[in-house]
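# Tertiary structure, described
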Amino acid sequence: MTDPINGRNRSRSQLETRLDLGSVRAQENQAALLALLSALRLQEDEIRQGGGSKAAEAQRAKGRMTVRERLALLLDEGTDLLELGLWAAHGMYAEYGGAPGAGVVTGLGRVCGRICMVIANDATVKAGAFFPMTAKKVLRAQTIALENRIPTLYLVDSAGVFLPLQEDVFPDTDDFGRVFRNNAVMSSLGIPQITAIMGMCVAGGAYLPVMTDTVLMTEGSGLFLAGPSLVQAAIGQKTEAEELGGAAMHAEISGTVDFREPDDATCLARIRTLVGMMGQRASGPFAAGPFAAAAFDAEKDAPRFTAEDLYTLLNPAPGSSNVYEMREVIARLVDRSEFEEYKAEFGRTVLCGYARIGGRAVGIVANQKTNQIQTVAVGPMAGSKRIEVGGVIYTEAAQKAARFIMDCNQNLVPLIFLHDVNGFMVGKDAEWSGIIRAGAKMVSAVSNSVVPKITVIIGGSFGAGHYAMCGKAYDPRFLFAWPTARYAVMSGASAAGTLAEVRARQLERGGKRLSQEERKALYDEIKGTYDAQADPRYGAARLWIDAIIDPAKTRQTLLMALEACALNPEVPAFNPGVLQT
């Protein structure tokens, strides 16, 4: 059968679509999601303003650019930064006036065609001081660079630790000091690091540039362990900032900086030149080859269906019952909409299969959101048919997923997890079938997986299902979420039903009888709190999520993430450990 899109013979594995884009439900979902996306973009634009226009003008008055002006010159023209951690600290630190973006910008961008991790202080936010979430955001960016061997560029313009919160920034393993440890480890692994001091770099933060491979410094910047005031207080010595730690001193006397630059623009140009000189190391052993004999063609080998169709699948309102075919999502992410499905007739509430994205081979593990009919293998109902609820992981599905994950590790195929999971099945039949054993097998396979893992939370990601589908604690190289994501132990409705009943009984034991209206008010209050905490913005503020992405841009996000993953040529031996059988 000939494919009308590209004229090639249609593969048996080519996915079709049955989406009714004109249905009332599809139109309502699309309108609701577009409205939510519009609201999110407005919030993101506000976050990108950092400390606001007044602070930006103060930065320019010093002869310095704002952080985003610097990035516009650093990155290749016409390319965008895949910003990570944009929502960090959102809604936090209100007592200190907030810290938009945690006062630092991090993300993947192209410099001279090469993917680089960029970590750039935003001096318009409390002079670029490190809040607790600032440290965690920098550490997350470094972790991504470490795991994927990504060259890392630091644009330093920071007053150091935010002193009122020093106890939460300074001492622990995921605090400020870990940044310098990571600098050393990254250097030992041959990951290039270039630092440009483009403002203040003081106190403990002064170690960061010197721990990296190459140091640049602009005129008017300062690099010192203690500023003039602290030096005078500590040892009684009076000195000017320029004499103490200015660019000229460090270039001519201490020899600390490798390049002294007159201003931001020339400094950024120098960085681009240095990145352009970097050699190319061996890449990862993952299949990124052509289709058959023909080279990958970005146009002809693109998905056969429009990415914007994804807006019609889910109602973003909390508690919505979203039933949809997950293959519709996969068909809009993978090359040619081709999906080699693994054990298609077994364990149907989890889809597993092989595909390519941008020519790169991937294994996909995804929750199926339509109800399925499955033959019962063991237990009181063995041999009969049962209806399995979409989004629930049953014993057979867990067994299939565990085996598929192991196969991908055996064959060096990176894994992509698409979440819309309620959790594991419960009840007598499930227990008889060994759901705990099967779930443990899946979690173990995910835990010991050595190939790159990328997670996308599309809808719900609840309870142990979140763990089994490679949640944050299971070391995905990247974790993205759609605006429709819900991220918690259980849904707001389920949690509110349980907690409201517990609270009502407590009150009744104290002698207070609740009316139906009071019970409903209690339920609504708890549900509202729970829904707010399950919102992806809440998780992204705490860096549980690397980025909230537009569903229509999922493929291009995965393309860059997979390219970044392939920079690391080292894959440890796969040892799944003891598995429950």
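Scroll up to find the structure.
From a predicted model like this one, the values you see are computed outputs, not experimental measurements.

### Some details on the overall build of the protein chain
Broken down by element type, the protein chain carries 19 helices and 20 strands. For 581 residues, the compact-globule estimate of 2.2 N^0.38 gives 25 Å, and the protein chain sits close to it at 26 Å. By residue count, 52% of the 581 residues in the protein chain fall in the buried class. Within the protein chain, counting contacts between residues at least 6 apart in sequence, those at least 24 apart form 74% of the total. For the protein chain, the exposed area adds up to about 25,200 Å²; of that, 53% sits on carbon and sulfur atoms. Averaging the coordinates of the 60 positive side-chain charges in the protein chain and doing the same for the 63 negative ones gives two points 6 Å apart.

### Quick look at the pairing of strand S17 (residues 453-462)
Within S17, 10 of the 10 residues are buried, leaving the element largely enclosed by the surrounding structure. Regarding the hand of the β-α-β motif, the stretch spanning S17, helix H15 (residues 463-468) and strand S18 (residues 478-481) is right-handed. Bridge count for S17 against strand S19 (residues 486-488) is three bridges, and the pairing is parallel. What sits directly across from Ser-461, in S19, is Tyr-487.

### Some thoughts on the packing of helix H4 (residues 132-148) against helix H5 (residues 177-188)
Between H4 and H5, the shortest axis-to-axis distance is 10 Å and the interhelical angle comes to 15°. With respect to H5, the element H4 is oriented roughly parallel. The two elements H4 and H5 cross, and the hand of that crossing is left-handed. Together, Val-138, Leu-139, Gln-142, Ala-145 and Leu-146 of H4 and Arg-178, Val-179, Asn-182, Asn-183, Val-185 and Met-186 of H5 make up the contact between the two elements. Taken together, the residues of the contact of H4 with H5 break down into seven nonpolar, three polar and one charged.

### With respect to a nonpolar patch on the surface
Where nonpolar side chains cluster on the molecular surface, the patch consists of Tyr-207, Met-211 and Leu-225 and spans about 290 Å² of accessible area. Structurally, Met-211 is set in the loop between helix H6 (207-210) and strand S6 (214-218).

### Some points on the layout of surface pockets
When its volume is computed, the largest pocket comes out at roughly 930 Å³. In terms of lining, the largest pocket is formed by 29 residues, of which the most central are Arg-48, Asp-80, Leu-81, Leu-82 and Glu-83. Within the residue set of the lining of the largest pocket, elements represented by two or more residues are helix H1 (24-48), helix H3 (67-74), strand S1 (82-84), strand S20 (547-548) and helix H19 (554-565). In terms of residue count, the dominant contributor to the lining of the largest pocket is H1 (five residues). Each residue belonging to the lining of the largest pocket can be placed in one class, and the counts come to 14 nonpolar, four polar and 11 charged.

### What to know about the pattern of salt bridges
On inspection of all chains with the given rule, the structure shows 31 salt bridges. A salt bridge links Arg-140 to Asp-546, with the shortest nitrogen-to-oxygen separation between them at 2.8 Å. Note that Arg-140 is positioned in helix H4 and Asp-546 in the loop between helix H18 (536-541) and S20, a separation of 406 residues in sequence. Here Arg-140 and Asp-546 have matching classes, each one buried.

### Here we look at H1
With 25 residues, H1 ought to run about 36 Å at 1.5 Å a step, and its terminal C-alpha atoms sit 36 Å apart, in line with that. Within H1, burial applies to Ala-26, Asn-29, Leu-33, Leu-36, Leu-37, Leu-40, Glu-44 and Ile-47. Looking at the buried positions of H1, the neighbouring elements they touch are H18 and S20.

### Notes on the side chain of Asp-301
With respect to the helices, strands and loops of the structure, Asp-301 is situated in the loop between helix H10 (264-277) and helix H11 (326-331). Look at Asp-301 and you get buried, because its relative accessible area is 0%. A polar atom in the side chain of Asp-301 sits 2.8 Å from the backbone nitrogen of Asp-297.

### Things to note about the environment of Ile-457
Relative to the elements of secondary structure, Ile-457 occurs in strand S17. It is 12 Å that separates the C-alpha atoms of Ile-457 and Asp-535, two residues lying 78 residues apart in sequence. If sequence neighbours within four positions are ignored, Ile-457 has contacts with His-419, His-466, Leu-479, Phe-480, Ala-481, Trp-482, Ala-485 and Tyr-487.

### Points about the packing of H3 against H10
Where H3 meets H10, the closest approach of the two axes is 9 Å, and the angle between their N-to-C directions is 40°. Here H3 is positioned oblique relative to H10, judged by the angle of their axes. Here the hand of the crossing between H3 and H10 comes out right-handed. The segment H3 lies against H10, with Arg-70, Leu-73 and Leu-74 engaging Asp-264, Ala-265, Leu-268, Ile-271 and Arg-272. Among the residues making up the contact of H3 with H10, the classes are represented as five nonpolar, no polar and three charged.

### Describing the nonpolar core
One finds Leu-108, Val-329, Ile-330, Ile-364, Leu-418 and Phe-478 to be the most contacted residues of the largest nonpolar core, which totals 68 residues. Ranked by residues supplied to this core, first place goes to H4 with seven residues. Discounting chain neighbours no more than four positions away, the residues touching Leu-418 are Met-326, Val-329, Ile-330, Leu-333, Ile-364, Val-365, Ala-366, Asn-367, Val-456, Ile-458 and Met-469. Counting residues in hydrophobic clusters, the runner-up holds 30 residues, among them Val-365, Ala-398, Phe-404 and Met-406.

### Points about unusual backbone geometry
Phi at Ala-102 is positive, roughly 60°, even though this residue is not glycine. Among the secondary structure elements, Ala-102 is positioned in the loop between S1 and strand S2 (104-111). In this structure, Leu-543 is a non-glycine residue whose phi angle is positive, near 65°. If you trace the backbone, Leu-543 turns up in the loop between H18 and S20. Relative accessible area serves as the criterion here: at 7%, Leu-543 is assigned to the buried category.

Criteria and cut-off values
- Residues numbered from 1 in each chain as written.
- Predicted model: local features only at pLDDT ≥ 70, side-chain atom pairs only at ≥ 80, totals over all residues.
- Heavy atoms only, no water.
- Helix = DSSP H or I, 4+ residues; strand = E, 2+ residues; numbered from the N terminus.
- Rg over C-alpha atoms; globule rule 2.2 N^0.38 Å.
- Buried < 20%, exposed > 50% of the residue type's maximum accessible area, 1.4 Å probe, protein only.
- Contact = heavy atoms within 4.5 Å.
- Areas by Shrake-Rupley, 256 points an atom, 1.4 Å probe, with all protein chains shown as cover.
- Lys, Arg positive; Asp, Glu negative; His and termini not counted.
- Charge placed at Lys NZ, Arg CZ, Asp CG, Glu CD.
- Right-handed = clockwise from strand over helix to strand, strands pointing away.
- Pairing = 2+ DSSP bridges.
- Axes fitted to C-alpha atoms, helices over the stretch in contact; angles between N-to-C directions.
- Parallel < 35°, antiparallel > 145°, perpendicular 65-115°, else oblique.
- Left-handed = near helix turned anticlockwise from the far one by under 90°.
- Nonpolar A, V, L, I, M, F, W, Y, C, P; charged D, E, K, R; others polar.
- Patch = residues over 30% accessible without salt bridge, like charges linked within 9 Å, V, L, I, M, F, W, Y side chains within 5 Å.
- Salt bridge = Lys/Arg side-chain N within 4 Å of Asp/Glu carboxyl O.
- 1 Å grid on protein atoms, 1.4 Å probe; cavity = no way out; pocket = protein on both sides within 12 Å on 5 of 7 lines; lining within 4 Å.
- Points joined across faces, edges and corners; volume = space filled by probe spheres on them.
- Expected span 1.5 Å × (residues − 1).
- Polar contact = N/O pair within 3.5 Å; in protein donor to acceptor, adjacent residues only side chain to side chain.
- Core = buried A, V, L, I, M, F, W, Y, C linked by side-chain atoms within 4.5 Å.

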